[in-house]
Amino acid sequence: SMDLTDTFNFTGTLQQNGAGIGGDNKPAFEAKINGTGQDITSDTNTKIAFATENFDTDSKYDTSNYRFTPTVAGKYFVYMVISHRQNQNKGRYAIPMIYKNGTPYQGAFHYGNDDYKMNWILTTVNTTITLDADDYIEAYTRFKVTSGNCTVEGNDNTSGTDIPNSYWGAYR
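This section reports on the structure supplied with the text.

**Describing the overall build of the chain**
Broken down by element type, the chain carries 0 helices and 18 strands. For the chain, the residues scored as buried account for 36% of the 172 residues in total. Put simply, of all contacts in the chain between residues at least 6 apart along the chain, 74% involve residues at least 24 apart. Total accessible area computed for the chain in this model is approximately 9,600 Å², and 45% of it derives from carbon and sulfur atoms.

**Quick notes on the packing of aromatic side chains**
Any two aromatic rings considered together are summarised by their centre-to-centre distance and by the angle between their planes. Under the definition given, this model contains 10 aromatic pairs. With centroids separated by 3.7 Å and ring planes inclined at 15°, the aromatic side chains of Y99 and Y140 adopt a geometry described as stacked. A residue pair is termed long-range when its members are at least 10 positions apart, and Y99 in strand β10 (residues 91–100) and Y140 in strand β14 (residues 137–145) qualify at 41 residues. The two residues Y99 and Y140 agree in class, both being buried. Cluster of aromatic residues (ring-pair linked, three or more members): F29, F50, Y61, F68, Y76 and W168. In this structure, R67 is placed above the aromatic ring of Y136, and the distance from its NZ or CZ to the ring centre is 3.8 Å.

**What to know about unusual backbone geometry**
The omega torsion across K26 and P27 is 0°, close enough to zero to call that bond cis. At N25, a residue that is not glycine, the phi angle is positive and equals roughly 55°. Within the secondary structure layout, N25 lies in the loop between β2 (19–20) and β3 (28–32). For Y66, which is not glycine, the phi torsion reads 60° and is therefore positive. Relative to the assigned elements, Y66 resides in the loop between β7 (61–62) and β8 (67–68).

**Details of the environment of W120**
Turning to its location among the elements, W120 is positioned in strand β13 (residues 120–131). Take W120: its relative accessible area is 45%, and that puts it in the partly exposed class. For the pair W120 and R85, spaced 35 residues apart in the sequence, the C-alpha separation amounts to 4.6 Å. The residues touching W120, leaving out its near neighbours within four places in the chain, are S83, H84, R85 and E153.

About the criteria used
- Each chain has its residues counted from 1, following the order in which its sequence is written.
- pLDDT decides what is reported in this predicted model: residues at 70 or higher carry local features, side-chain atom pairs at 80 or more are listed and counted, and totals for whole chains, interfaces and linings draw on all residues regardless.
- To get the side-chain values, take all heavy atoms of the structure and skip hydrogens and water.
- Starting at the N terminus, helices and strands are each numbered in turn, a helix being any DSSP run of H or I of at least four residues and a strand any DSSP run of E of at least two.
- Here the term buried applies to any residue with accessible area under 20% of the maximum for its type, exposed to any over 50%, and partly exposed to those in between, with areas from a 1.4 Å probe on protein chains only.
- Two residues form a contact once any of their heavy atoms are found within 4.5 Å.
- Note on areas: Shrake-Rupley with a 1.4 Å probe; residue coverage comes only from the protein chains shown.
- Pairing of aromatic side chains requires ring centres within 6.5 Å, counting the rings of Phe and Tyr and the six-membered ring of Trp. Pairs whose planes differ by under 30 degrees are stacked, by over 60 edge-to-face, and all others tilted.
- By the criterion adopted, a ring carries a charge over it if an Arg CZ or a Lys NZ lies within 6 Å of its centre and within 35 degrees of its normal.

That's the geometry; what it means functionally is another story.
So, in C-alpha coordinates, the structure goes:
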(Lines give C-alpha, C1' and ligand atoms only; values in the text may rest on other atoms or scores of the structure.)
Protein backbone atom coordinates (compact mmCIF):
# COMPACT_ATOMS: atom_id res chain seq x y z
CA SER A 1 0.00 0.00 0.00
CA MET A 2 1.04 3.60 -0.60
CA ASP A 3 2.18 5.80 2.31
CA LEU A 4 0.26 9.05 1.68
CA THR A 5 2.42 10.98 4.15
CA ASP A 6 5.38 10.68 1.74
CA THR A 7 6.17 13.19 -1.00
CA PHE A 8 5.73 11.92 -4.56
CA ASN A 9 6.92 13.26 -7.92
CA PHE A 10 4.79 12.34 -10.92
CA THR A 11 5.59 12.31 -14.61
CA GLY A 12 2.76 12.09 -17.11
CA THR A 13 -0.96 12.64 -16.59
CA LEU A 14 -2.82 12.05 -13.34
CA GLN A 15 -5.93 9.98 -13.90
CA GLN A 16 -8.85 8.67 -11.93
CA ASN A 17 -10.52 5.63 -13.49
CA GLY A 18 -9.03 6.57 -16.87
CA ALA A 19 -10.18 10.22 -16.82
CA GLY A 20 -7.79 13.14 -16.47
CA ILE A 21 -7.80 15.03 -13.17
CA GLY A 22 -8.08 18.80 -13.09
CA GLY A 23 -8.98 21.25 -15.80
CA ASP A 24 -8.01 24.54 -17.30
CA ASN A 25 -11.02 26.65 -16.14
CA LYS A 26 -11.64 28.05 -19.61
CA PRO A 27 -13.10 30.14 -21.03
CA ALA A 28 -12.16 32.87 -18.56
CA PHE A 29 -11.85 36.65 -18.58
CA GLU A 30 -11.28 39.66 -16.36
CA ALA A 31 -11.98 43.26 -17.36
CA LYS A 32 -11.65 46.65 -15.69
CA ILE A 33 -12.55 50.30 -16.10
CA ASN A 34 -9.65 52.47 -17.20
CA GLY A 35 -8.98 56.08 -16.32
CA THR A 36 -11.08 58.12 -13.93
CA GLY A 37 -14.15 55.92 -14.21
CA GLN A 38 -17.69 55.98 -15.58
CA ASP A 39 -20.25 58.62 -14.67
CA ILE A 40 -23.66 57.11 -14.01
CA THR A 41 -27.16 58.42 -13.31
CA SER A 42 -28.39 58.19 -9.71
CA ASP A 43 -30.88 55.44 -8.84
CA THR A 44 -30.80 53.86 -12.32
CA ASN A 45 -29.63 50.37 -13.30
CA THR A 46 -26.61 51.11 -15.46
CA LYS A 47 -24.43 48.73 -17.47
CA ILE A 48 -20.80 49.15 -16.48
CA ALA A 49 -18.36 49.84 -19.32
CA PHE A 50 -15.60 47.37 -18.47
CA ALA A 51 -13.73 48.14 -21.69
CA THR A 52 -10.19 46.95 -20.87
CA GLU A 53 -9.39 43.26 -20.57
CA ASN A 54 -6.84 42.06 -18.06
CA PHE A 55 -7.11 38.69 -19.82
CA ASP A 56 -9.51 36.80 -22.08
CA THR A 57 -8.42 33.21 -22.64
CA ASP A 58 -10.75 32.43 -25.56
CA SER A 59 -11.85 35.88 -26.83
CA LYS A 60 -15.33 35.45 -25.34
CA TYR A 61 -15.56 38.87 -23.65
CA ASP A 62 -16.75 41.64 -25.98
CA THR A 63 -15.31 45.06 -25.09
CA SER A 64 -17.80 46.84 -27.37
CA ASN A 65 -20.96 45.67 -25.56
CA TYR A 66 -19.31 44.54 -22.27
CA ARG A 67 -20.73 41.00 -22.47
CA PHE A 68 -19.24 37.61 -21.72
CA THR A 69 -20.69 34.88 -23.94
CA PRO A 70 -18.77 31.71 -23.09
CA THR A 71 -20.01 29.47 -25.98
CA VAL A 72 -19.18 26.53 -23.69
CA ALA A 73 -21.95 25.30 -21.41
CA GLY A 74 -21.13 24.84 -17.74
CA LYS A 75 -21.07 26.34 -14.29
CA TYR A 76 -19.14 29.62 -14.06
CA PHE A 77 -17.82 31.43 -11.04
CA VAL A 78 -18.48 35.15 -11.55
CA TYR A 79 -16.97 37.90 -9.42
CA MET A 80 -17.30 41.67 -9.44
CA VAL A 81 -15.82 44.49 -7.39
CA ILE A 82 -17.32 47.96 -7.84
CA SER A 83 -16.04 51.15 -6.23
CA HIS A 84 -18.81 53.77 -6.21
CA ARG A 85 -17.88 57.40 -5.53
CA GLN A 86 -19.80 60.57 -4.71
CA ASN A 87 -17.49 63.37 -3.51
CA GLN A 88 -19.93 65.23 -1.24
CA ASN A 89 -20.96 62.49 1.22
CA LYS A 90 -24.30 62.06 -0.52
CA GLY A 91 -24.14 58.31 -1.28
CA ARG A 92 -27.22 56.44 0.04
CA TYR A 93 -26.94 52.91 -1.36
CA ALA A 94 -25.25 50.83 -4.03
CA ILE A 95 -26.44 47.62 -5.68
CA PRO A 96 -23.98 45.85 -7.99
CA MET A 97 -25.71 43.24 -10.16
CA ILE A 98 -24.86 40.41 -12.52
CA TYR A 99 -27.33 40.19 -15.41
CA LYS A 100 -27.92 36.94 -17.29
CA ASN A 101 -29.42 37.28 -20.79
CA GLY A 102 -30.56 40.85 -20.06
CA THR A 103 -32.24 40.10 -16.71
CA PRO A 104 -30.93 40.68 -13.16
CA TYR A 105 -29.59 37.38 -11.81
CA GLN A 106 -27.58 38.14 -8.66
CA GLY A 107 -26.74 41.26 -6.68
CA ALA A 108 -25.66 42.71 -3.38
CA PHE A 109 -26.96 45.68 -1.40
CA HIS A 110 -24.99 48.20 0.63
CA TYR A 111 -27.06 50.84 2.40
CA GLY A 112 -26.33 54.04 4.31
CA ASN A 113 -28.94 55.99 6.28
CA ASP A 114 -29.72 59.67 6.76
CA ASP A 115 -26.99 59.99 9.41
CA TYR A 116 -24.44 57.89 7.54
CA LYS A 117 -24.13 59.10 3.98
CA MET A 118 -21.02 57.96 2.19
CA ASN A 119 -18.35 59.27 -0.16
CA TRP A 120 -17.23 55.79 -1.26
CA ILE A 121 -19.11 52.51 -1.33
CA LEU A 122 -17.10 49.41 -2.21
CA THR A 123 -19.31 46.46 -3.16
CA THR A 124 -18.70 42.90 -4.28
CA VAL A 125 -20.75 40.17 -5.90
CA ASN A 126 -19.59 36.54 -6.12
CA THR A 127 -21.81 33.82 -7.53
CA THR A 128 -21.93 30.63 -9.55
CA ILE A 129 -24.09 30.73 -12.68
CA THR A 130 -25.05 27.88 -14.99
CA LEU A 131 -24.61 29.10 -18.57
CA ASP A 132 -25.53 27.46 -21.85
CA ALA A 133 -23.33 28.00 -24.89
CA ASP A 134 -25.39 30.99 -26.08
CA ASP A 135 -26.10 32.63 -22.69
CA TYR A 136 -24.37 35.88 -21.81
CA ILE A 137 -23.68 37.88 -18.65
CA GLU A 138 -23.24 41.60 -18.06
CA ALA A 139 -22.25 43.80 -15.11
CA TYR A 140 -24.64 46.49 -13.84
CA THR A 141 -24.89 48.75 -10.84
CA ARG A 142 -27.42 51.07 -9.23
CA PHE A 143 -26.04 53.90 -7.07
CA LYS A 144 -28.40 56.26 -5.23
CA VAL A 145 -27.16 59.67 -4.13
CA THR A 146 -29.17 62.49 -2.53
CA SER A 147 -27.64 65.04 -4.92
CA GLY A 148 -24.67 65.51 -7.20
CA ASN A 149 -22.85 63.16 -9.52
CA CYS A 150 -22.17 59.42 -9.29
CA THR A 151 -19.09 57.60 -10.54
CA VAL A 152 -17.94 54.02 -10.84
CA GLU A 153 -14.22 54.37 -10.15
CA GLY A 154 -11.57 53.39 -12.68
CA ASN A 155 -7.87 52.96 -11.95
CA ASP A 156 -6.13 54.26 -8.87
CA ASN A 157 -2.81 55.56 -10.09
CA THR A 158 -1.86 57.28 -6.84
CA SER A 159 0.80 54.65 -6.14
CA GLY A 160 1.97 54.58 -9.77
CA THR A 161 0.78 50.98 -10.09
CA ASP A 162 -2.48 51.62 -11.96
CA ILE A 163 -4.50 49.34 -9.66
CA PRO A 164 -8.09 48.84 -10.86
CA ASN A 165 -10.79 49.93 -8.38
CA SER A 166 -13.61 48.30 -10.34
CA TYR A 167 -13.32 44.99 -12.20
CA TRP A 168 -15.16 41.78 -12.94
CA GLY A 169 -14.49 38.35 -14.38
CA ALA A 170 -15.64 34.78 -14.75
CA TYR A 171 -14.23 31.30 -15.28
CA ARG A 172 -15.56 27.79 -15.76
